[in-house]
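Spelled out, the chains give:
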Amino acid sequence: MPSLLITGASAGIGRAVAETFLAEGWTLGLLARRREALEEVAAGHDRAIVLPADVSKPQDVDAAFDSFTSQAGRLDVLFNNAGLFTEAAPIDEVSVEDWSRAVSVNLTGMFLCARAAFARMRSQTPQGGRIINNGSVSAHVPRAGAVTYTVTKHGVTGLTRQISLDGRPFDIACGQIDIGNARTELLQGIVDASVRDGVAPPPTMDVSDVARSVLHMATLPLEANVQFMTVMATKMPYIGRG
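Residues numbered from 1 in each chain as written. Predicted model: local features only at pLDDT ≥ 70, side-chain atom pairs only at ≥ 80, totals over all residues. Heavy atoms only, no water.

1. Side note on the overall build of the protein chain
Turning to step 1, where the next piece is worked out: Helix and strand counts for the protein chain come out as seven helices and seven strands.
Turning to step 2, where the next piece is worked out: Along the protein chain, helices (α) and strands (β) appear in the sequence β-α-β-α-β-α-β-α-β-α-β-α-α-β when read from the amino end.
Turning to step 3, where the next piece is worked out: For the protein chain, whose C-alpha radius of gyration is 17 Å, the value lies close to the compact-globule estimate of 18 Å for 242 residues.
Turning to step 4, where the next piece is worked out: Taken over 242 residues, the protein chain has a buried fraction of 50%.
Turning to step 5, where the next piece is worked out: Put simply, 67% of the contacts in the protein chain that link residues at least 6 apart link residues at least 24 apart.
Turning to step 6, where the next piece is worked out: As displayed, the protein chain has an accessible area near 11700 Å², and 52% of this comes from carbon and sulfur atoms.
Turning to step 7, where the next piece is worked out: Across the protein chain, 21 positive and 25 negative side-chain charges occur, with their mean positions spaced 5 Å apart. (Helix = DSSP H or I, 4+ residues; strand = E, 2+ residues; numbered from the N terminus. Rg over C-alpha atoms; globule rule 2.2 N^0.38 Å. Buried < 20%, exposed > 50% of the residue type's maximum accessible area, 1.4 Å probe, protein only. Contact = heavy atoms within 4.5 Å. Areas by Shrake-Rupley, 256 points an atom, 1.4 Å probe, with all protein chains shown as cover. Lys, Arg positive; Asp, Glu negative; His and termini not counted. Charge placed at Lys NZ, Arg CZ, Asp CG, Glu CD.)

Structure (structure tokens):
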């Protein structure tokens, strides 16, 4: 069976994607900071490989990718998913610490994991593989008070485009999935805040819809690629005037 490494695999979208691919029989690398949470996801699955690591630390990333490829034999797909959302605020109230934290995970972490995957896909036999970056609808339209998240997700789009170009000679495909309002722990805070403020909560969709979309992207032959996919709650105010 093919192999997939997922970052941010302990919760939210990453966990939902992991559960879907495990059900399909893939060999899975589960990477996140919390070992106990990863072991919960891996429980009962012989093909699940637990990889505790911090994506913002180069030495952690390289060690995790080395551990995975030594056990799985090769890396076919990376779902580059790990990310965080700092507290919402206008830019002049955003601390430099929050900005640095968002950049270190959402952008540097994405770069480090893509870099590690690219190197292994380039050197393995047969050569090639696929990198799927988790962008966001914020890579196109911002949510109020989300400067750290919005800017870093725009950066992810640039990363996707560059890897798509640079990966061609090595049969490395790269695409991006931009997700809007999947019901995860991250979105629940926004929903709860809406309720507290007495306003209608945002439209949402089940996170399993995202997992099925990633599965579709990952199972394409390398001669085909979903360059950009947007999967979102149907009634989100993503398109329209005003």
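Now that the structure has been shown, we can carry on.
2. Some thoughts on the pairing of strand S2 (residues 27-32)
Turning to step 1, where the next piece is worked out: The buried fraction of S2 is high, at six of six residues.
Turning to step 2, where the next piece is worked out: Alternating residues of S2 divide into Thr27, Gly29 and Leu31 and Leu28, Leu30 and Ala32, and every residue in both groups is buried.

3. Section: the nonpolar core
Turning to step 1, where the next piece is worked out: Phe21, Leu28, Leu30, Phe79 and Ile177 are the most contacted members of the largest nonpolar core, which has 37 residues in total.
Turning to step 2, where the next piece is worked out: Looking at this core, the elements that each hand over two or more residues are strand S1 (3-7), helix H1 (12-23), S2, helix H2 (35-42), strand S4 (77-80), strand S6 (172-180), helix H7 (207-219) and strand S7 (228-232).
Turning to step 3, where the next piece is worked out: Dropping the residues within four chain positions of it, Phe21 is found in contact with Leu4, Trp26, Leu28, Ala211, Val214, Leu215 and Ala218.
Turning to step 4, where the next piece is worked out: Among the nonpolar cores identified, the runner-up in size contains 31 residues, and Ala53, Ala82, Met110 and Met121 belong to it. (Core = buried A, V, L, I, M, F, W, Y, C linked by side-chain atoms within 4.5 Å.)

4. Regarding unusual backbone geometry
Turning to step 1, where the next piece is worked out: Of the consecutive residues Thr125 and Pro126, the connecting peptide bond is found in the cis state with omega at -5°.
Turning to step 2, where the next piece is worked out: If you trace the backbone, Pro126 turns up in the loop between helix H4 (96-123) and strand S5 (129-134).
Turning to step 3, where the next piece is worked out: Not every positive phi belongs to a glycine, and Asp171 is a case in point at roughly 60°.
Turning to step 4, where the next piece is worked out: Of note, Asp171 is situated in the loop between helix H5 (147-166) and S6.
Turning to step 5, where the next piece is worked out: With a phi close to 65°, Asn181 is a non-glycine residue in the positive phi region.

Honestly, that's just the spatial picture; any functional story needs more than this.
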